Structures are given as structure tokens and as C-alpha cells.
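Observations on the model geometry
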Amino acid sequence: MTEAFDFSLIDWSRGQFALTAMYHWIFVPLTLGLGFIIAIMESIYVKTGDPAWKRITKFWMTIFGINFAIGVATGIILEFEFGTNWSNYSWFVGDIFGAPLAIEGIMAFFLETTFIAVMFFGWNKVSKGFHLLSTWLVAFGASLSALWILVANAWMQMPVGMKFNPDTARNEMVNFWEVLFSPMAMSKFTHTISSSYLLGAIVVIGISAWFLLKKRHQVFAKRSIVVAAVFGLVTSAFTVLTGDFSAKVIAKNQPMKFAAFEGLYHGQRGAPLVAIGVVSTSPSDPENENIKDFVFKIEIPNFLSYMAFSDFNAFIPGVKDLMEGNEEHGIMPAAEKISKGKLAIDALAEYKQAKAAGNMAKQAEAQQILEENFEYFGYGYFGTNPDHLVPNVPLTFYSFHIMVALGFWFLLFFAIVLVLVYRERISNARFWLIMAIVNIPLAYLASQSGWVTAEMGRQPWVIQDLMPTMTAVSHLDSNAVITTFILFAVVFTTLLIAELKIMFKTIKNGPKTEGGN
Amino acid sequence: MFETFQLLTLQQYWWIIISILGAALVFLMFVQGGQMLIYNLGKTKTERSMIINSLGRKWELTFTTLVTFGGAFFASFPLFYSTSFGGAYWVWMIILFAFIIQAISYEFRAKENNFLSARTYEVFLFINGAVGTILIGTAVGTFFNGAMFSVDKANIAQVFDSAISRWQTPFHGLEAVLTFHNVALGLAIFFLSRVLGVLYIVNTIDDEAISQRATKQLLYNAIPFLVFFLYFVIALLLKKGFAYDPVNGIVFMEKFKYLNNLIQMPIVMIMFLAGVVLVLVGIARYYFNKKTNSFWFAGGGTFLTAFSLFLIAGLNNTPYYPSLFNLQHSLTIQNSSSSHYTLTAMGYVSLFVPVVIAYIYVVWRAINNKRIDKSELDEDIHVY
């Protein structure tokens, strides 16, 4: 029945948004992490007065600047794409979703972009203290910016603090603080920014390692590694903790996504965590191509239950439980949710008709039905076959596991680097210096995987349970979106190539030599 | 404080905030104007570098204002966001592409191994300047001349066809260029941005050769600006405008609506006239007396004029986004706004705006305390 939707338009719109988001997310995490690393380095310069620290700060600032520009370029597109490609969404939840975007502009983005001028051009124009303050404000502004964007994203995954208004046919905010401080918002913000700080540290260590391998700028490289490794160790430990917090929030609020993380089809008590697994390429359920069994897996008994609810024997619902229902554990079948969703949508239509006709009694009756069933509103857009409610399990499983495995690896890596630095062996630790360079693409892989996990795992919802992605899309011809998708792909790829070439050249040139200012 | 306001008061308050941001954006388009004059004012590599470095220290402000303008519109009038952005798809997409290529051009242009060559990035800056100003101006023109869209909130209950806002032409916004009045505003902003660009450059760069060329360029751009601006304003004030009944929301056409708005809101009329005079004074002060602070006269005047135009587009029972497809589908500040709660919450956020203006002022003074000259490009600072 969902075949009646224009899936070409929906898929290309999703593709365009994903393309923009993934390109944006290549540049932003480095900006977030590098901002604080630069601020720490400049603080040491101001404290010690050692000009070598100034040179170190300036070199990383140049890398920051190259990234910042292209991050900004891709960021503006994301903001406006909510309107251009997801116009129905923009009205349905704009009353809530628009606020964090506006606050981001007023409170954070201006802070960042205003003081960045001082950071880059103010060395000879303002005092050392004012310059340092500006550098910290840029770092702080970037993270504050991330806060509001992630609050908006978290709200889509866990809509809270709002009420549906049938007169305006949209959701309206009733509690700003609930939106800002929802567990999903807090977990998403802390996990995303800490993982970005981690990425910044990995990049600094990797580039510095290259200098050590080339036996160039060794003092610069060692000092950069010390700052980045300490920063990285702290933030990677925080990333693991916030990751655990995120898992608990998702297990509670997005059980289908959580089941997809682990490819868990049949719920159980004391559910095991799949440490390593390979998913079959062919569906095990002929009716649902997203359901694929494992060809091979190594499990840690009971650990998934613990990860979700801090209880080794807790019940974790699988995909099948969420689809077919599980009476024992109070899980409603998807088909029933679809029926309730249809009741809610029909009631909204009746409400509108009754209001137009001035029939108050019928209007009140329709409103009551709508309110009783509203939590399932989005299910009403699906046909009788609930299979479309299952996200792409293999993709979610792999991206989740890549992210987690690499997260733990980075924690270990930072600790090893610090030990090597402490023992003054870092310059000669060739294997670890090479690993440091290899870690740079791995950090980006982990970072992108995190977003794939979050965004693919929540499908088919653009707003959990309330609006499916297919209903959010703008009323456009798919050819228009295909055209802009291709244009974005060409432009972003060209800019990425330019950025990488500039970056490599800047790194190759290295920091200004000693004796320079 | 904001909780006690009536919904209409909050809607008006937020239209004023949107107008401030819109007016600030028009003023800050001096960056776009300057970008189009790099080769007209700079004949040597050093001169061009000085111009680009002068503009490059401000491009983020224009960019951030555009982002905040979009975000604030989304938060306060989400129906406009969904209707205009989702409908006039091609117009907004072209504008967005023009801004992508601006953001990287400053940073990448002078870098070694930059893949596309410095000249390409300079062309990008020109494209951003020309396309950005003309299309944003033309899009704002539709606030006064309307656009072909429909809005039906009941559509959300239609399972397979739930789009609330629909564009009613296959050109998705590009048809706005067929209305000359829209284009006249676009061209007025195009030439105004160039006028402001000239005045900003002479305000911030200490170079005799550039100053001499600037005088000529000022004249070449001020004349067409005045022609297009006067045409736009006279036609606007004499045309039938869009109005609505605040009680039942019925939209109708009213003779001299925008002139009436100025007369019925005398403060806005005073701001408008003061703005126009200041722009003219700014142009004259530099052309005749070479006063480098003329930028602030013309810039201030631009802000006041644009602010007034935004106000008469949306206040005094005026639909700010009229529908030519069905007059009753037109967007007003009353039928397209966020809820009382959201506008209240955002009202508190808006109190940060003066703080933002204050620190922008401090930083502007700190960075622009000395005019750029050739020697500054050799200093050990970040150079574009």
C-alpha cells in the first residue's frame, strides 16, 4: 500500500540530505576538537611566553581555518534543506524544531564567527589576553552550536515537551526545558562532541607522527602530541561513558533501533552482545529484505541486557517482538499501532470537517479519538504490511560495531601514546607513529559510522512514531531533486579535493621555522 | 515578560526581529558588492589582495546573518519556511549554491596547491556577489508581488498526498523574474551592494590608487541603483497591495496599500525617509568630499530603508507572502506563526541580540582600528 508514495522523490531527497550531512560531518568534528586543542596550546603560550608554543598554535589554527570554511559552506545547506526538501516536516514540527536552529544562530554561530576574526587577524591588534579569550570563545561557540543542532536532532528521535494542535495541524512546544534537557538530547550532545574532540586529537597526533617519522619539526610534533594525547585520553574515556549512556536512552526510547544495532530478531532475557558478526547477504525472511541472519558471530553472554538496562537478566525485545507484539512484556503488535495511527489520522480529517461545518459535538468527539491515539499517529501512514517499520539491520549493525570497536581502540591508543611520551620513546616508536597516521581515516570512519547508526537506525521515522520520512518530503518533482543531488555531489567533491590538496600542502610545508615570530 | 504579551503582539515583535535581521543582511551585502569589484578597483595583485583581505574579515558576518535569518524565520513563521523554501525550490537552491562557493573562496584562494587556481575562487566570489544580491532581492520582491503557491493544512490527513504547501508552477520560483517589479528590487540591491562595497573598501583600505578608482565606481553604481530603487519604490507605493481583515483573515486587494502602510505607521515612514536620505548623503560625502566614513552613513541608511520595507510588507494587516494562486492562501504574520509558547521562549532568546551586536561592535573596532595598507599583507598574520 505504501507503493502509492513517490519513492523516487523520497529516496533522492534522503540521498541529498545524507550526502550534505556526511560531507558536513567530515569537517565539523575536526573543527570542534581542534578548537579546544588550539585554545589549550595558546594558553600554554600565554602562560609560558615561549614563542615555540605560538608557532605551534598558529600552525594548527591554519588547519582549523581550512576546515572551518568548508564546514560552514556545507552547514548552511543543511539548515535550508529542512525547508527545501522536507517542507511538510517543517510545518508539522517547525514550532519546536525551528527554535534550536534560531538559537544556534543567535547564541552560538555569531559568537564563533565574530571571534574567529580576532583569532586569525588579531595577533598584532589586540592584547594577548583578549586574543586568548577569543580563541576560547571560538572553541566554546562551536560546541554551543553543536548543542543546539543536536538538541534539534535528538527531539526528532525522542519527541518530548510538545502537544499536537488539530487546528493548526502541527505539534506545538509546551515545555522548552523538556526539549533542551531530554535524556536523548543530553546523551546525543555529550557523545557527539566528546567523539569529535577525540577525532581532533587523533588528527593532531597523526600529523605530528608524520613529522616525527620524517624527522622534521620534532619539538613541535612532540609538544603537539602531548597536548593532543592528554586531551584525547580524557575525551575518549568520556566518549565511552556517554556512549553507554546513549545506548541506555536508545534501548528505552527507540527499541527497534536498539534491536537493529545488534541484529537481534528474537527478544530474550539475558541477551548477549555480538562482539563480532557477519550478516548474511540474503534475507532470512522473504517478506522483509532488512531481516538477515548471522553467518558467523561471537557473543558475550548477557552483556546486551546489561548495556541496555544495567541488568544482566533484563529482557531486550527483538525485531520480531516489536513487529508481532509480545504480550508477556507488554509490547503492542505493529499492526495494532498502524490501526491506531489510522484512527488518529481519520479523526484529524473528521475534526477539520466538523469544524468547517460548525459541528461542535462531532469536533469534540474527533478530538478525543485523535488525542487517545496520537502517540501512534505516524503509523497510520503505513499500509497493512508492517515490514516497512524495520530499518536496514545489516547497515545499522555494521556501522554501530565499527563505531564502538574503534572508540575502544582509540582509548587504548591514547594511553599507549602517553606511556611512550612519558618514557621519551615516542620519536623512535615507528610502529605506533605509523598507527597514528592510519588512525586518521579510522577516526573519520568511526565518526561517520556514528551518524549512519543514528540516522539509518531510526528509519522509517523522521520523527519517532509521529511522522515517517515518506510523509515529510516536499511536494517536488523527483527530477528536480536528482539534479540538485548531482550538483551537490559534484560541488562538494570538488571542494573536498581542493581542501585535501591544500591541507596536505600546508602540512608538508609545516609550521614556521624557529626564529620566525 | 513575554508571557503576558498577546499572540498578535508576539507575532508583530517577531516580524520586527525578522525585519532587523533582513535589513542587517541587506547592509552586510557590502561584502557581496565588494567581491564584484575586485578587478574594477584592484589593478595589481597587491591591490586585489588588500581588497580581498579587507572583505575577507567580514564575510562570516554576512553568512552568519543569512543563517540566523533563516533560523529565525523557521522558528517564528514556520509556514513561510515550508512554503517558500519547499516551493520556490530553484530560487533558493541557486542562492545556496552561490553561498557554498563563497564560504571556501576566501580561505582557499591564496593557498598553495588549491586545485582550482586563485582566479577561479575570485570568479566564485563574483558569482556569489551577483547571484546572491539579485536573487535574494528578487525573492524579497515576491513579498510585495506574491507567488504561485497553495496551502492547505488539512492535507496532512491525506495519507498518500499529505503535502501542506504546494507550488503551482513547474518553475518552482524562477517565474518571479517575469515580474519586473521583483527584478527591479533585485537589481537595486545588486547596485546598492556595489555602492556599499566601494564605500567599505575605501573605509578600510589606505591606498591612493584604489581610492581614485573607487570614486568612478561609486558613480557608475550609484546611478543605476537610484534608477532601479526609485522605480521600485514609486511602483510599490502606487500599486494595489495585499491586505487582510484582522477579524476574519479574509485577504483582499487594497489601493495604495503600501503607501497607506507608511502613512498609517508614521515612525516607519520617518525611518524610510531618513534611510533614503542617509544613503544619498553617504554617496555624496564620498563622491564630493572623499570622506572615508561615508560607509557608515550609507550603511546606516541602507539598514533603515530595508527595515522599513520589511515592516510595511508584514505589519498593518498586510500579508507578507501573498498567494497569486488563491488570495486566501496568502501568508500573514497571524496565520503562519509559531505558537504563543514558542514565540515567548524565542522572545527571551531575542534578548541576546543586543549582546551579539555589542561584541560584534567591539571586535569590528579592534580589527578595523587601522586601515589596511600594503605593509599589513607582509605581517605574520592570517592572510587570504
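Preceding this section is the structure that the text describes.
What comes next concerns the included structure. Everything quoted here is computed from the prediction, not taken from an experiment.

Moving on, we come to the overall build of chain B. Of regular secondary structure, chain B possesses 15 helices and four strands. Against the compact-globule benchmark of 21 Å for 384 residues, chain B has a radius of gyration of 21 Å, which places it among compact chains. With respect to the three principal axes, the spread of C-alpha positions in chain B is 65 × 45 × 45 Å. Expressed as a percentage of the 384 residues in chain B, the buried residues total 58%. When contacts within chain B are restricted to residue pairs at least 6 apart in sequence, those whose partners lie at least 24 apart make up 76%.

Right, let's talk about the interface of chain B and chain A for a bit. Listed by partner, the interface residues are 69 residues for chain B and 73 residues for chain A. Contributions of two or more residues to the side of chain B that touches chain A are made by α5 (59–76), α6 (78–87), α7 (89–109), β2 (165–167), α14 (340–350) and α15 (352–367) of chain B. Broken down by element, the side of chain B that touches chain A gets its largest block of residues, twelve residues, from α7(B).

Moving on: the pairing of strand β3 (residues 241–244) of chain B. All names here are of chain B. By the alternation rule, side chains of β3 split into G241 and A243 and F242 and Y244, which are all buried. As paired strands, β3 and strand β4 (residues 251–254) are joined by four bridges and run antiparallel to one another. In the strand pairing of β4, G241 is matched with E254. Joining the antiparallel neighbours β3 and β4 is a turn of six residues, in which G249 adopts a positive phi near 75°.

A separate point is the packing of helix α3 (residues 87–121) of chain A against α14(B). Each packed pair of helices is defined by two parameters, the angle between the axes and the distance between the axes. Two elements in contact, α3(A) and α14(B), have axes whose closest approach is 11 Å; the angle formed by their N-to-C orientations is 5°. Taken as axis vectors, α3(A) and α14(B) run roughly parallel relative to one another. Across the interface between the two elements, D95(A), A99(A), A102(A), I103(A) and I106(A) from α3(A) touch T342(B), A345(B), M346(B) and V349(B) from α14(B). Taken together, the residues of the contact of α3(A) with α14(B) sort by class into seven nonpolar, one polar and one charged.

Scoring rules and cut-offs
- Residues numbered from 1 in each chain as written.
- Chains lettered and ligands numbered in written order.
- Predicted model: local features only at pLDDT ≥ 70, side-chain atom pairs only at ≥ 80, totals over all residues.
- Helix = DSSP H or I, 4+ residues; strand = E, 2+ residues; numbered from the N terminus.
- Rg over C-alpha atoms; globule rule 2.2 N^0.38 Å.
- Buried ≥ 20, exposed ≤ 12 C-beta atoms within 10 Å, placed from the backbone.
- Contact = placed C-beta atoms within 7 Å.
- Pairing = 2+ DSSP bridges.
- Axes fitted to C-alpha atoms, helices over the stretch in contact; angles between N-to-C directions.
- Parallel < 35°, antiparallel > 145°, perpendicular 65-115°, else oblique.
- Nonpolar A, V, L, I, M, F, W, Y, C, P; charged D, E, K, R; others polar.

Treat this as a map of the structure, not an account of what it does.
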